[in-house]
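Given next are the chains, with one letter for each unit.
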Amino acid sequence: MDLLELQRRMAEDVMRPLTADFQMQQVTSEGLSTEELAATYIKPNDRLSSFERLEIYNRQYWFRVTGAVAEDFPALQAVLGDKIFDRLVLAYLRENPSTSFTLRNLGSKLPQWLEQHAEFAPRRHDLVLDVARLEWAYVEAFDSAEVAPLTLEDFSSLGADSTLSLQPHLRLLHLKHPVDELVLAVHRETEPGDIMSNAVTERRDMKRAKLPRMRRKAIHLAVHRFENSVYYRRIDREALLLLTALQRGE
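Residues numbered from 1 in each chain as written. Predicted model: local features only at pLDDT ≥ 70, side-chain atom pairs only at ≥ 80, totals over all residues. Heavy atoms only, no water.

Asker: Quick question: what am I supposed to make of the overall build of the protein chain here?
Answerer: Helices and strands together make up the secondary structure of the protein chain, namely 10 helices and 4 strands. Starting at the N terminus and walking to the C terminus, you meet the elements of the protein chain as α-α-α-α-α-α-α-α-β-α-β-β-β-α. Taking 250 residues into account, the globule formula puts the C-alpha radius of gyration at 18 Å, and the protein chain, at 23 Å, lies well above it. Taken over the C-alpha atoms alone, the protein chain extends approximately 75 × 45 × 30 Å along its principal axes. Scored against the burial criterion, the 250 residues of the protein chain give a buried share of 41%. (Helix = DSSP H or I, 4+ residues; strand = E, 2+ residues; numbered from the N terminus. Rg over C-alpha atoms; globule rule 2.2 N^0.38 Å. Buried < 20%, exposed > 50% of the residue type's maximum accessible area, 1.4 Å probe, protein only.)

Asker: Looking at this structure, I do not really get the nonpolar core. What am I missing?
Answerer: In a soluble, globular protein the nonpolar side chains are often hidden away together inside. Leu76, Leu110, Leu114, Val131 and Val223 are the most contacted members of the largest nonpolar core, which has 49 residues in total. The element best represented in this core is helix H7 (residues 125–143), accounting for 11 residues. Discounting residues that sit within four places of it in the chain, Val131 has contacts with Ala75, Leu76, Val79, Val179, Leu182 and Val183. Core analysis: the second largest hydrophobic core is formed by 7 residues, Met24, Ala38, Tyr41 and Ile42 among them. (Core = buried A, V, L, I, M, F, W, Y, C linked by side-chain atoms within 4.5 Å. Contact = heavy atoms within 4.5 Å.)

Asker: Just checking my understanding: could you explain the packing of aromatic side chains for this structure?
Answerer: Summed over all chains, the structure comprises 6 aromatic pairs. Residues Tyr61 and Trp62 carry aromatic rings whose centres are separated by 5.5 Å and whose planes lie at 85 degrees to one another, so their mutual orientation is edge-to-face. Classification of Tyr61 by relative accessible area gives partly exposed; the value is 22%. Its relative accessible area of 3% is what places Trp62 among the buried residues. Judged by centre distance (6.3 Å) and plane angle (10 degrees), the ring pair of Phe73 and Trp136 falls under stacked. With Phe73 in the loop between helix H3 (50–72) and helix H4 (74–80) and Trp136 in helix H7, this residue pair connects regions lying 63 residues apart in the sequence. A single burial state applies to Phe73 and to Trp136, both of which are buried. Through pairs of rings, three or more aromatic residues link up here, namely Tyr92, Trp113 and Phe120. (Phe/Tyr/Trp six-rings, centres within 6.5 Å; stacked < 30°, edge-to-face > 60°.)

Asker: For this particular structure, what's the right way to read the pattern of salt bridges?
Answerer: Two side chains with opposite charge may pair up if their charged atoms get near one another. Within the structure shown, the criterion is met by 14 salt bridges. The partner of Asp126 in a salt bridge is Arg216, and the shortest N-O contact between them spans 3.2 Å. You can see Asp126 sitting in helix H7 and its partner Arg216 sitting in the loop between strand E2 (195–197) and strand E3 (219–226), a full 90 residues away along the chain. Look at Asp126 and you get partly exposed, because its relative accessible area is 24%. A network of salt bridges, in which partner residues are shared, links Arg9, Glu12, Asp13 and Arg16. (Salt bridge = Lys/Arg side-chain N within 4 Å of Asp/Glu carboxyl O.)

Structure follows, in structure tokens:
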């Protein structure tokens, strides 16, 4: 086994999905013994077998990637609870493994993936979807590009043929629940105060165990960044339609 083969063997074994109880799989998808594979390139020692030494790296890899998703979706984790959330993330990452140099992109497909996976919260599927969409919109609003806004001089030169556009970091959402309140309550417990919402002017501190009660009520949100803070701004339907048209270049 040359160096390249060793690297590929190690990478495949380390990134192989864990079992449902977060242990290394005993058998590969090809039916090979993981214990026998580990013994071909990892030395045992007086405390751990080759399999056990490899399992440490296998588990740590998955703890890191699941932890990265949890960092971006703390409100989703609070709604589902730790055990269900962990199962959800493992299932998601099995189908959507990391393909980027940055962990920032790891949860990018989670809201879309959840649309087809109601089994994790069948009675609250719409609520879970709303939370996931808003939390990913926060990530995109926080670090997407920003262009120079129009000045008064720019406005004075606008004509019938002018085309307006929106800031690239702006995200427009139509949600079935007022989850901005819920997400804001969780983020206040887990992050510095860098997100704002005009839905609530004053709110006492909340623990994760005391999430706001969510009743079905459609809202429209503009999620955007201003001076390195992310804002959740409720807008009416007409504003949503107008902004959506501008975003499409109409």
